Amino acid sequence: MNYYYLLLLAIAFEVCGTTCMKLSEGFTKLLPSVLIFVFYAISFSLFTLALKGIDVSIAYAIWAGFGTALITIVGILWFREPATALKMISLIVVIAGVIGLHLSDRVT
């Protein structure tokens, strides 16, 4: 089993759950409010399975980093959030940090 596929699926469901948070408008819309919990339950389940084959430090860094990057892209494209230069540079730094952590696992 490829644990990185499980991790990628966990990230995708986490992004869906976070998107539903915005769409729920503070839990005032029923379907997105329910989907928050559904998507996060699936995400955490897949993440837990991925941890069977990936070190927790690496898996969490990838999950958090790429989840942040993807939700930033969703915010910019779907919710029309501003794509400032500082936001883009910060996003690059987050991704570089995740890659660095992943590479550090191979160096030791």
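Please refer to the structure higher up on the page.
The notes below deal with the structure included here.

Each helix and strand in the protein was counted, giving four helices and zero strands. The order of α-helices and β-strands along the protein, N terminus first, is α-α-α-α. Oriented by its inertia axes, the alpha-carbon framework of the protein measures out at about 50 × 35 × 15 Å. Long-range contacts, defined here as pairs at least 24 residues apart, represent 64% of the contacts in the protein between residues at least 6 apart. Across the protein, the mean location of the 6 positive side-chain charges is 7 Å away from that of the 5 negative side-chain charges.

With that settled, consider the side chain of Glu-14. Among the structural elements, Glu-14 can be located in helix 1 (residues 3-23). If we skip the residues at most four places from it in the chain, Glu-14 touches Tyr-40, Ser-43, Trp-63 and Gly-67.

The geometry of helix 2 (residues 30-50) relative to helix 3 (residues 56-77) is characterised by a closest axis approach of 11 Å and an angle of 150° between their N-to-C directions. As summarised for this structure, helix 2 and helix 3 are arranged roughly antiparallel, according to the angle between their axes. Relative to helix 3, the crossing made by helix 2 is right-handed. Along its contact with helix 2, which presents Ser-43, Phe-44 and Phe-47, the element helix 3 presents Ala-59, Tyr-60 and Trp-63.

With respect to the helices, strands and loops of the structure, Ala-96 is situated in helix 4 (residues 85-107). Judged by relative accessible area, Ala-96 falls into the partly exposed class, the value being 45%.

One pass over the structure, following the stated rule, counts one salt bridge. Here Glu-25 ties to Lys-29 by a salt bridge, and the two come within 3.4 Å at their closest N and O atoms. The exposure class assigned to Lys-29 is partly exposed, which follows from its relative accessible area of 40%.

Turning our eyes to something else, we now look at the nonpolar core. By size, the foremost hydrophobic cluster in this structure holds 15 residues, and its most contacted members are Leu-7, Ile-11, Phe-47, Ile-54, Ile-62 and Trp-63. Setting aside chain neighbours within four positions, we find Ile-54 in contact with Tyr-3, Tyr-4, Leu-7 and Ala-59.

Basis of the calculations
For every chain, the first residue of the written sequence is number 1, and numbering continues from 1 onward in sequence order. For this predicted model, a pLDDT threshold of at least 70 governs which residues receive local features, and a threshold of 80 or more governs which side-chain atom pairs are given and counted, while totals over whole chains, interfaces and linings are taken from all residues. Note: side-chain values were computed over all heavy atoms of the structure, leaving out hydrogens and water. Think of it this way: any DSSP run of H or I at least four residues long counts as a helix, any run of E at least two long counts as a strand, and we number them from the N terminus. Two residues form a contact once any of their heavy atoms are found within 4.5 Å. None of His or the chain ends enter the tally, which takes Lys and Arg as positive and Asp and Glu as negative. A single reference atom marks each charge: NZ on Lys, CZ on Arg, CG on Asp, CD on Glu. Axes here mean lines fitted to C-alpha atoms, for a helix over just the part in contact, with angles spanning 0 to 180 degrees between N-to-C directions. Oblique is the label for any angle not under 35 degrees, not over 145, and not in the 65 to 115 range, which are roughly parallel, roughly antiparallel and roughly perpendicular in turn. The hand of a helix crossing depends on one turn: near helix anticlockwise from the far one by less than a right angle means left-handed, and clockwise means right-handed. A 1.4 Å probe rolled over the protein chains alone gives each residue an accessible area, and that area as a share of the maximum for its type sets the label: buried under 20%, exposed over 50%, partly exposed in between. Whenever a carboxyl oxygen of Asp or Glu lies within 4 Å of a side-chain nitrogen of Lys or Arg, that contact is scored as a salt bridge. Nonpolar cores are built from buried Ala, Val, Leu, Ile, Met, Phe, Trp, Tyr and Cys residues. Side-chain atoms within 4.5 Å join them into one set.

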